Amino acid sequence: MSIMITGASGQLGSLVVESLLSAGVPAGGLVATGRDVSRLEPLAARGVRTMSLDLADEELLRTAFLGVDRLLLVSTTTVGERFDHHRRAIDAARASGVGRLVYTSTVNAETARMRLADEHRRTEEHIRASGVPFTILRNGWYLENYTSQLPAIREQGTLWGAAADGRVSAAARSDLAEAAAAMLTGDGHEGRTYELGGEAFTLTQLAATMSEQLGTPVTYRDLPVDEYAAALAHAGLPAELAEVLADADAGLARGELHTASDDLARLIGRAPTTPAQAIRAALGQG
């Protein structure tokens, strides 16, 4: 079986490759792709086939996808260009006879109103209309979106956001990668859509968990959406990305990043990583 992973040079895609290798999938049966093939050299050294792939080049995609049994389409990161990238990949998968397409969407893609959901929703619609056998993984918010901020949070004693008392079902990237690997190697998932999330919490609860794990007080400070976007931009994020992330917090406040589904636990066969576990791991405490 030939399994291809797009975006394997990125954080989620690389973890999927690691999960597949850990599950015993032969390295020679994997094709890891990315725009910068030099970032894939550690995988190539382990016997994984690597390939430079640009989702803007449909002809290249059709050639690359020939002979692929299962394809993981990791959603791209450039807001505003995502759907066109995804559409080209889906059309190429159909033309090349890909056996099954697995796509990483976002939780509640059909109903969420936040900007990040729009291109995922359109991509899902295109997949269903394409005729390509598929599985859709609606990934929840990453726990790493918060744990990556720990140094600044420890220094300031504050977790900032615009989520009010909304609950987010965040999950560790490694757990979501493990679920994707299971979909790429398992059968019986064709035509299925899974809502993947971990233990739900509010940002006030997360701040309390951070306080416990850091051993220093952390409080959650809720801002209006526009003020939060300005704060993110002031911290160095590009203005458009700051607006998208602040808009995501507004969606979080509306419940758009929460799911009661236990799909993630069922797919990986264990309880997902908790916020406390993710914080300890980020701190190097296991």
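For the structure, see preceding data.
Reading the values: rules and limits
Residues numbered from 1 in each chain as written. Predicted model: local features only at pLDDT ≥ 70, side-chain atom pairs only at ≥ 80, totals over all residues. Heavy atoms only, no water. Helix = DSSP H or I, 4+ residues; strand = E, 2+ residues; numbered from the N terminus. Buried < 20%, exposed > 50% of the residue type's maximum accessible area, 1.4 Å probe, protein only. Contact = heavy atoms within 4.5 Å. Areas by Shrake-Rupley, 256 points an atom, 1.4 Å probe, with all protein chains shown as cover. Lys, Arg positive; Asp, Glu negative; His and termini not counted. Charge placed at Lys NZ, Arg CZ, Asp CG, Glu CD. Pairing = 2+ DSSP bridges. Right-handed = clockwise from strand over helix to strand, strands pointing away. 1 Å grid on protein atoms, 1.4 Å probe; cavity = no way out; pocket = protein on both sides within 12 Å on 5 of 7 lines; lining within 4 Å. Points joined across faces, edges and corners; volume = space filled by probe spheres on them. Nonpolar A, V, L, I, M, F, W, Y, C, P; charged D, E, K, R; others polar. Expected span 1.5 Å × (residues − 1). Salt bridge = Lys/Arg side-chain N within 4 Å of Asp/Glu carboxyl O. Core = buried A, V, L, I, M, F, W, Y, C linked by side-chain atoms within 4.5 Å.

Student: Hey, could you run me through the overall build of the protein in this one?
Tutor: Counting its secondary structure elements, the protein contains 13 helices and nine strands. Principal axes of the C-alpha set define a box for the protein whose edges measure 55 × 35 × 35 Å. By residue count, 53% of the 286 residues in the protein fall in the buried class. Pairs at least 24 residues apart make up 76% of the contacts formed inside the protein by residues separated by at least 6 positions. Total accessible area on the protein is roughly 12,300 Å²; 49% of this is exposed by carbon and sulfur atoms. Separation between the mean location of the 26 positive side-chain charges and that of the 36 negative ones in the protein comes to 3 Å.

Student: What exactly am I supposed to notice about the pairing of strand 2 (residues 30–34) here?
Tutor: On a regular strand, each side chain points to the face opposite its neighbour's, so the side chains alternate between the two faces of the sheet. Where burial is concerned, most of strand 2 is hidden: five out of the five residues are buried. Neither face of strand 2 is open: one carries Leu30, Ala32 and Gly34, the other Val31 and Thr33, and all of them are buried. Bridge analysis of strand 1 (residues 3–5) against strand 2 gives three bridges, and the strand direction is parallel. By the bridge assignment, Met4 is partnered in strand 2 with Val31. Taking the sense of rotation as the criterion, the β-α-β connection linking strand 1, helix 1 (residues 11–22) and strand 2 turns out right-handed. Here four bridges tie strand 2 to strand 3 (residues 49–52), and the two strands are oriented parallel to one another. Residue pairing in the sheet places Gly34 in a bridge with Ser52 of strand 3.

Student: Just checking my understanding: could you explain empty space enclosed by the protein for this structure?
Tutor: Over the atoms a probe the size of a water molecule is rolled, and this reveals where empty space is left. Applying the stated criterion across every chain yields a total of one cavity of 30 Å³ or more. In this model, the largest cavity occupies a volume close to 30 Å³. The wall of the largest cavity is formed by Leu143, Tyr146, Thr147, Leu206, Met210, Pro275 and Ile279. For the lining of the largest cavity, the residue count by class is six nonpolar, one polar and no charged.

Student: Help me understand helix 9 (residues 203–214) in this model?
Tutor: Note that an α-helix has 3.6 residues per turn; residues three or four places apart therefore point the same way. When the terminal C-alpha atoms of helix 9 are compared, their 16 Å separation across 12 residues agrees well with the 16 Å that a helix rising 1.5 Å per residue should span. When helix 9 is considered as a whole, its buried residues turn out to be Leu203, Leu206, Ala207, Thr209, Met210, Ser211, Gln213 and Leu214. Of the surrounding elements, those touching the buried residues of helix 9 are helix 6 (144–147), helix 7 (150–156), strand 7 (158–161), strand 9 (219–222), helix 11 (239–253) and helix 13 (275–282). Among the residues trailing helix 9, Gly215 stands out with phi positive, at a value near 75°.

Student: Whenever I open this one, the side chain of Arg173 confuses me. Can you help?
Tutor: Tracing the chain through its elements places Arg173 in helix 8 (residues 173–185). In this structure Arg173 is buried but unpaired, with Glu144 as the nearest side chain of opposite charge at 4.2 Å. Residues within four places of Arg173 in sequence aside, it is in contact with Gln11, Leu12, Leu15, Tyr142, Glu144 and Asn145.

Student: What is the right way to read the nonpolar core from this model?
Tutor: Among soluble globular proteins, nonpolar side chains are generally buried collectively. If you look at the biggest cluster of nonpolar residues, it comprises 33 residues, and the most contacted ones within it are Ile5, Val16, Val17 and Leu20. Ranked by residues supplied to this core, first place goes to helix 8 with seven residues. Not counting residues within four places of it along the chain, the set of residues in contact with Val17 comprises Ile5, Ala8, Leu30, Ala32, Leu43 and Val48. Within the second largest apolar cluster, 29 residues are counted, among which are Trp141, Leu150, Met210 and Ala248.

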